[in-house]
Amino acid sequence: MQEKYVIIVPTHSSYIDVCENFIEVLHRNWNPEKYICILSICGPQYKGKISEGWNVVYNGENTPLPTCVYNAASLYPSDYYFVFLGDAFIDGKVSDSYISELLNELCNEKIGYCKLEPQGHWAKTKCAGKLIRYIQKSERYAHSFVAYVASGKFIREEFCENITDREFELKYLEIANDPKSKNSFFDDRVIVLRNEFSITAGIEKGMWDRGVLNRLKKRYPDVTFAERDKVGIAQQLYMKARLRLLPFVPNGLRRVIKSKMMRCFGKWMDTKI
């Protein structure tokens, strides 16, 4: 395996303010100087200052985020890439020994994709190593665009056709909803068993998660966090409940819950339940 890996942060130029916060927090908890760090940007051309030590790839105004990853990976060949959205804050110390062991397991098992957020589930676990488990094909939202490790081959095959990050997730949601997917596993897709990256998403629909923002401000008082609106309290409670329920709710019950919740939270609802 290579000793120098790549971190890619795909983002829209309107989120550079949050990405700068992500990078500041990242430098406190990891050692990104050991990696090639890339900010891969779409949207209107950004002319502001970018954090020192980060390479910038500008992809054009209408480029989807997966293509931003694809283009960056094409410019910086590597065996594996760590990919994080710019609001997926790494809010805890990351162990170099853990990273080394994780990459060894991914390489040894020929893994193409690894979600870096652990996910509860109701199905039987099939471990691929001490740190990772295989994704069951009926598992919803196990393929997430928020934070993951991907091989160069995976990125070339999955992100070469200008799909959006939502289309990427929906592709695997359709597989999960197919009755034929029950009790079978992907042979090269995994999820970490522990949240060693302490990943916490800070932005929802362009606004701060108020709980995450308050925690970040307390932990990093020297960081000036982006001035943005905060998610409403009722919407916040709904989102938290949704995330906890998702992995465990059978498809039939999920549809009933979604129908009822639409009546109460219609303006906030998306397809994630």
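Residues numbered from 1 in each chain as written. Predicted model: local features only at pLDDT ≥ 70, side-chain atom pairs only at ≥ 80, totals over all residues. Heavy atoms only, no water.

Undergrad: What should I look at first to understand the overall build of the protein chain in this one?
TA: Scanning the protein chain for helices and strands turns up 8 helices and 12 strands. In the protein chain, which comprises 273 residues, the proportion classed as buried is 52%. Carbon and sulfur atoms provide 51% of the accessible area of the protein chain, an area that totals close to 13300 Å². (Helix = DSSP H or I, 4+ residues; strand = E, 2+ residues; numbered from the N terminus. Buried < 20%, exposed > 50% of the residue type's maximum accessible area, 1.4 Å probe, protein only. Areas by Shrake-Rupley, 256 points an atom, 1.4 Å probe, with all protein chains shown as cover.)

Undergrad: I'm lost on the environment of Thr125 in this one. Help?
TA: Here Thr125 is to be found in the loop between strand E6 (113–115) and strand E7 (132–136). Between the alpha carbons of Thr125 and Gln136 there is a distance of 8.4 Å; along the sequence they are 11 residues apart.

Undergrad: Help me understand the pairing of strand E2 (residues 36–42), please; the structure alone is not making it clear to me.
TA: Side-chain positions along a regular strand alternate between the two faces of the sheet. With 6 of 7 residues buried, E2 lies mostly within the body of the structure. By the bridge criterion, 7 bridges tie strand E1 (residues 6–12) to E2 in an arrangement that is parallel. Bridge assignment links Thr11 to a residue of E2, and that residue is Ile41. Note that E2 and strand E3 (residues 55–58) share 4 bridges and pair parallel. Directly across from Ile38, in E3, lies its bridge partner Asn55. (Pairing = 2+ DSSP bridges.)

Undergrad: Please explain unusual backbone geometry as it appears in this structure.
TA: Despite not being glycine, Asn183 has its phi angle at roughly 70°, a positive value. A residue is classified by how much of its surface remains accessible, and Asn183, at 60% relative accessible area, is exposed.

Undergrad: In this structure, what is going on with the nonpolar core? I would like to understand it.
TA: Core analysis: the biggest nonpolar cluster contains 51 residues, and Trp30, Phe82, Phe84, Leu116 and Phe197 have the highest contact counts within it. Of the residues forming this core, the biggest block, 7 residues, is contributed by helix H1 (residues 16–29). Not counting residues within four places of it along the chain, the set of residues in contact with Trp30 comprises Ile7, Tyr35, Phe82, Phe84, Ile90, Val94, Asp96, Ile99 and Phe197. Within the second largest apolar cluster, 27 residues are counted, among which are Ala72, Ala73, Phe159 and Tyr172. (Core = buried A, V, L, I, M, F, W, Y, C linked by side-chain atoms within 4.5 Å. Contact = heavy atoms within 4.5 Å.)

Undergrad: For this particular structure, what's the right way to read the state of the cysteines?
TA: Each disulfide consists of one covalent bond between the sulfur atoms belonging to two cysteines. Enumeration over the complete set of coordinates arrives at 0 disulfides. No disulfide involves Cys42; its sulfur sits 4.1 Å from the nearest other cysteine sulfur, which is in Cys68. The class of Cys42 is buried, set by a relative accessible area of 4%. (Disulfide = S-S within 2.5 Å.)

Undergrad: Can you walk me through the environment of Ile38 in this structure?
TA: With respect to the helices and strands, Ile38 occurs in strand E2. Remark: the alpha-carbon pair of Ile38 and Tyr76, spanning 38 residues in sequence, is separated by 9.1 Å.

Undergrad: Quick question: what am I supposed to make of the pattern of salt bridges here?
TA: Oppositely charged side chains can form a pair if their charged atoms are brought close together. Under the counting rule described, the total for this entry stands at 12 salt bridges. In this structure, Asp188 and Arg189 form a salt bridge, with 3.0 Å as the shortest nitrogen-oxygen distance. Using a relative accessible area of 23% as the deciding quantity, one classes Asp188 as partly exposed. In this structure Arg189 comes out as buried when scored by relative accessible area, which is 10%. Note that Arg194 is salt-bridged to Glu196, the shortest N-O span being 2.8 Å. We classify Arg194 as partly exposed; its relative accessible area is 39%. Connected via shared salt-bridge partners are Glu158, Lys171, Asp188 and Arg189. (Salt bridge = Lys/Arg side-chain N within 4 Å of Asp/Glu carboxyl O.)

Undergrad: I'm lost on the packing of aromatic side chains in this one. Help?
TA: The geometry of an aromatic ring pair is captured by the separation of the ring centres together with the interplanar angle, meaning the angle of the planes. The full count for this structure, using the stated rule, is 23 aromatic pairs. Seen in terms of ring centroids, Phe145 and Phe168 are 6.3 Å apart; in terms of plane orientation they differ by 70°. Their pairing is edge-to-face. Here Phe168 lies in helix H5 (residues 165–177) and Phe145 lies in the loop between E7 and strand E8 (147–151), a separation of 23 residues in the sequence. By the burial criterion, Phe145 is buried, and Phe168 matches it. By way of ring pairs, the aromatic residues Phe22, Trp30, Tyr35, Phe82, Phe84, Phe89, Tyr98, Phe197, Trp208 and Phe225 are connected into one cluster. It is Lys137 that lies over the ring of Phe186; its NZ or CZ is 5.7 Å from the centre. The ring of Tyr15 is capped by Arg228, whose NZ or CZ atom sits 4.8 Å from the centre of that ring. (Phe/Tyr/Trp six-rings, centres within 6.5 Å; stacked < 30°, edge-to-face > 60°. Lys NZ or Arg CZ within 6 Å of the ring centre and 35° of its normal.)

Undergrad: Explain the sheet that holds strand E9 (residues 185–192) to me, please; I cannot follow it from the model alone.
TA: Consider a sheet: its strands pair through backbone hydrogen bonds, and that pairing is either parallel or antiparallel. As summarised here, the arrangement of the 8 strands in space is E3-E2-E1-E4-E8-E6-E9-E7, forming an open sheet in which the pairing is mixed. Because the sheet does not close on itself, it has two edges, and the strands there are E3 and E7. Averaged over all pairs of adjacent strands, the angle between their axes in this sheet comes to 30°, without regard to strand direction. As paired strands, strand E4 (residues 80–84) and E8 are joined by 5 bridges and run antiparallel to one another. Residue pairing in the sheet places Phe82 in a bridge with Val149 of E8. Helix H3 (residues 96–108) rests against E4, E6, E7, E8 and E9 of the sheet, and its axis sits at about 120° to E4. (Axes fitted to C-alpha atoms, helices over the stretch in contact; angles between N-to-C directions.)

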